[in-house]
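# Fold and contact review
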Amino acid sequence: MQVPFVDLRAQYETIRSEVHESLDAALESMDLMLGPNVRAFEAEFAAYCRTRYAVGVGSGTDALYLALRGCGIRPGDEVITVSHSFIATVEAIVRLGASPVFVDVDPHTYTMDPSLLARAIGPRTRAIVPVHLYGQMADMEGIMAIAKRYGLVVVEDACQAHGATDHGRRAGSVGNAAAFSFYMSKNLGAYGEAGAVTTNSRAVAQEVQSLRDHGARRRYEHDEMGDNSRLDEVQAAVLRVKMRYLDGWNGLRQQHAERYRDLLQDAGVDLPEVRSGATHVYHLFVAQTGDRDTVRQQLQDRGVATGIHYPIPIHQQHACDGVGRIAGRLDHTEELVRRILSLPMYPELQDEQLSCVASSLQSCLLTASQLRVGH
Ligand SMILES: *Cc1c(COP(=O)(O)O)cnc(C)c1O
């Protein structure tokens, strides 16, 4: 049996006619510049995240950059974040002329360890960017407490966490602002590039609205140099259809995760941990094993596709040579990249596929451990 890592076509087939109808209406209207679908999606997405505002932008990377800028982060400022993430988290900081400061993650939840923040703060530190990695929110209670004590801005990288909660609060609603990505394979994905900034601050929302449209508050009147990063009407038409399914799809991801847990409880792999008070939306289901590379190759030979998110920590990427600073040690970050293995995870996964992944993984782990002890 072949099990792909994700299957965007399987999802498309379940919503094809609604998507075509929505696209057709958007194209018939030819109201394509910040049109009715963008406005409606922004309202719907803000309501979903339980924030006052959502501003549609060109991508998740742009959302991070614009959210930081909208919150007043300036060139020369320091922004504390994690190295265990997708590079875009740091690209946004660097694009702003700010400087990343890396702290380690908790090895069980894979997210920022708030107990390391106080020691990472320096005279130029202005903001914290926690990443809600794999679909679970970072420990926002701990992070917000430090931010409050030191007067720092918090911008959540919620690009993998649409719908996740922490103590009843939705991803994207806790910090000063948050960035979402609607990249194709995210829990809520467009059919092209798209993103959004959420915030409860009217001033931040207005600033991001201006920056995404060349710094114009009114047409052809430019208060500052902005960007061209508007959410486009066609992607918004797709996103509005998919929004209606998001909770159902997240529910299926959670069911699949429970199934993996049942099937793999005695397999000898570390399974992702859910912090108490949090709900995880499993953008990725990431296990850990010391025999990762052997196991991954054998799974591939059996037709089971897996991923590594991510194989090189950001601070060790060539792009980061001479960029930012490391606060303390990044031992967990550096250890995790050798052990993490993302299993197939998408709403449309079938039970036979889940069982196939689990049983294949179990026998690959057994073979790997036999190889290791020299049988
Ligand atoms: C996807 C992602 C981004 C970037 O989003 P794009 O829409 O691809 O620009 C940023 N941070 C994280 C953690 C992501 O997963």
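The preceding data block contains the structure.
In this convention, every chain numbers its residues from 1, walking through the sequence in written order. Local features are withheld for residues below a pLDDT of 70 in this predicted model, meaning they are given only at 70 or higher, and side-chain atom pairs are given and counted only at 80 or more; totals for whole chains, interfaces and linings count all residues. Side-chain measures here rest on the full set of heavy atoms in the structure, leaving out hydrogens and waters.

## Some points on the site of the ligand
Every one of the 14 residues lining the ligand counts as a neighbour, but Gly 60, Thr 61, Gln 160, Ser 181 and Lys 186 are closest to it. Throughout this description, a polar contact denotes any pair of N or O atoms lying within 3.5 Å of each other; where both atoms belong to protein, one of them has to be capable of donating a hydrogen while the other can accept it, and for residues adjacent in sequence the pair is counted only when both atoms sit in side chains. Between the ligand and Gly 60 there is a distance of 2.8 Å, counted from an oxygen atom to a backbone nitrogen or oxygen. Within the contact set of the ligand, an oxygen atom lies 2.8 Å away from a side-chain nitrogen or oxygen of Gln 160. Protein contact buries 93% of the 380 Å² of open area that the ligand shows by itself. Helix and strand labels come from DSSP, where a helix needs a run of H or I of at least four residues and a strand needs a run of E of at least two; each type is numbered from the N terminus. Looking at which element gives the most residues to the shell around the ligand, the answer is helix α3 (residues 60–70), with three residues. Note on residue classes: Ala, Val, Leu, Ile, Met, Phe, Trp, Tyr, Cys and Pro are nonpolar, Asp, Glu, Lys and Arg are charged, and everything else, Gly too, is polar. Classifying every residue of the shell around the ligand gives five nonpolar, seven polar and two charged. When we say a residue is near a molecule or strand, we mean one of its heavy atoms is within 4 Å of it. Calculation of accessible area relied on Shrake-Rupley with a 1.4 Å probe; when residues are assessed, cover is drawn exclusively from the protein chains displayed.

## What about the packing of aromatic side chains?
In this scheme Phe, Tyr and Trp rings, the latter by its six-membered ring, pair at centre separations within 6.5 Å, and the angle between planes marks the pair as stacked below 30 degrees, edge-to-face above 60, and tilted otherwise. According to the stated counting rule, one finds 11 aromatic pairs in the structure shown. Between Phe 41 and Phe 182, the ring centres sit 5.4 Å apart and the planes meet at 80 degrees, which makes this aromatic pair edge-to-face. Linking Phe 41 in helix α2 (residues 36–49) with Phe 182 in the loop between β8 (177–181) and β9 (195–199), this pair joins segments that are 141 residues apart in sequence. The burial state of Phe 41 is the same as that of Phe 182; both residues are buried. Between Phe 45 and Phe 182 the ring centres are 5.3 Å apart and the planes differ by 85 degrees, which places this aromatic pair in the edge-to-face class. Separated by 137 residues along the polypeptide, Phe 45 in helix α2 and Phe 182 in the loop between β8 and β9 bring together distant segments of the chain. Partly exposed residues are those whose accessible area sits between 20% and 50% of the maximum for their type, while under 20% is buried and over 50% is exposed, using a 1.4 Å probe and protein chains only.

## Quick look at the sheet that holds strand β1 (residues 53–57)
For two strands to be treated as a pair, DSSP must find no fewer than two bridges joining them. The strand order across the open sheet formed by eight strands is β1-β9-β8-β5-β4-β2-β3-β14, and the pairing between neighbours is mixed. The open sheet has two edge strands, β1 and β14 (325–326), and neither has a second partner. Pairing of strand β4 (residues 125–128) with strand β5 (residues 153–157), which is carried by two bridges, proceeds in the parallel orientation. Within β5, the residue paired with Ile 128 across the bridge is Val 154. Contact between two residues is taken to exist if any of their heavy atoms lie within 4.5 Å; hydrogens are not considered. Throughout, an axis means a line fitted to C-alpha atoms (over the contacting stretch in the case of helices), and angles, computed between N-to-C directions, take values from 0 to 180 degrees. With respect to the sheet, α2 is in contact with β1, β8 and β9, its orientation differing from that of β1 by roughly 130 degrees. Its contacts with the sheet put α3 on β1, β4, β5, β8 and β9, and the angle it makes with β8 is roughly 170 degrees.

Geometric values such as these leave the question of function open.
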